[in-house]
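Commentary on secondary and tertiary structure
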Amino acid sequence: MSVPLLFLLVLFPAAMAYAAASDLLSMTISNRLCLGLAVLFVPSALVIGLPWLQIGWHFAAGGLVLAICFGLFAAGWIGGGDAKLAAATALWFGFGQLMPYLLVAAMFGAVLTLIVIMLRTAPLPVLGENWPWLRRLHEAKQGVPYGIALACSALFVLPETEIWRAAIGL
């Protein structure tokens, strides 16, 4: 296996893990991470041999998700980092795996939200008082770190994507 393919096999999962951890600990998803995912999509697609037309359709999927998520962000329903991460992920998945990604994200998001709500009804353990991220997560007025659900969904759907399958030789 070539170095670019190994890089591709590690890059996207590592970025998703970082996004989830960052959202949990700071309730932010880096603009650099989302931009980096978008920028690295083209060389990654070229390495695995995607035709330009197909790359264009991937950009259309990312653009559509960005437009919809921008509206959801403007309405105050989702965070800006979540919107950008969903769009960057849609760019990598294209229309072929977009619906599975979004449906699985909704399921993971529902479970995550229920868990956070349940945890917020219980008192914060004394040990948790020492961790600012846990105090913030426990506050009822804080949002839910939905980047975790988006990242988990991306990792769940990834093995079915054309990019992943091409990178491993299927």
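Cut-offs and rules
Residues numbered from 1 in each chain as written. Predicted model: local features only at pLDDT ≥ 70, side-chain atom pairs only at ≥ 80, totals over all residues. Heavy atoms only, no water. Phe/Tyr/Trp six-rings, centres within 6.5 Å; stacked < 30°, edge-to-face > 60°. Buried < 20%, exposed > 50% of the residue type's maximum accessible area, 1.4 Å probe, protein only. 1 Å grid on protein atoms, 1.4 Å probe; cavity = no way out; pocket = protein on both sides within 12 Å on 5 of 7 lines; lining within 4 Å. Points joined across faces, edges and corners; volume = space filled by probe spheres on them. Helix = DSSP H or I, 4+ residues; strand = E, 2+ residues; numbered from the N terminus. Nonpolar A, V, L, I, M, F, W, Y, C, P; charged D, E, K, R; others polar. Core = buried A, V, L, I, M, F, W, Y, C linked by side-chain atoms within 4.5 Å. Contact = heavy atoms within 4.5 Å.

Next up on the list: the packing of aromatic side chains. Going through the model one piece at a time under the given rule, you end up with eight aromatic pairs. Measuring from ring centre to ring centre gives 6.2 Å for Trp 131 and Trp 133, while their planes differ by 10°; the resulting arrangement is stacked. What makes Trp 133 partly exposed here is its relative accessible area of 25%. Taken together through their ring pairs, the aromatic side chains of Phe 12, Phe 41, Phe 59, Trp 92, Phe 93 and Tyr 101 make up a single cluster.

Moving on: empty space enclosed by the protein. By the definition in use, this model includes one cavity of 30 Å³ or more. Considering only enclosed or pocket space, the largest cavity measures out at about 40 Å³ in volume. Elements supplying a minimum of two residues to the lining of the largest cavity: helix H1 (3–26) and helix H8 (162–167). Of the residues that constitute the lining of the largest cavity, the class distribution is eight nonpolar, no polar and no charged.

Time to look at the nonpolar core. Judged by nonpolar contacts, the single largest core of 47 residues is most densely connected at Phe 12, Leu 37, Phe 41, Leu 85, Trp 92, Phe 93 and Tyr 101. Those elements that provide at least two residues to this core are H1, helix H2 (31–48), helix H3 (52–74), helix H4 (80–93), helix H5 (98–121), helix H6 (132–138), helix H7 (147–157) and H8. Among the elements that take part in this core, H4 stands out by supplying nine residues, more than any other. Look past the residues within four positions of Leu 37 in its chain and what remains in contact with it is Phe 12, Ala 15, Met 16, Leu 85, Ala 88 and Trp 92.

What follows concerns the layout of surface pockets. Its volume calculated, the largest pocket comes out at about 270 Å³. Along the walls of the largest pocket sit 15 residues, with Val 65, Cys 69, Leu 72, Ala 86 and Leu 102 positioned nearest its centre. The set of elements that each furnish at least two residues to the lining of the largest pocket consists of H3, H4 and H5. The leading source of residues in the lining of the largest pocket is H3, at five residues. Of the residues that constitute the lining of the largest pocket, the class distribution is 14 nonpolar, no polar and one charged. Computed from the structure, the second largest pocket encloses a volume of approximately 170 Å³.

That is the geometry; function is a separate question.
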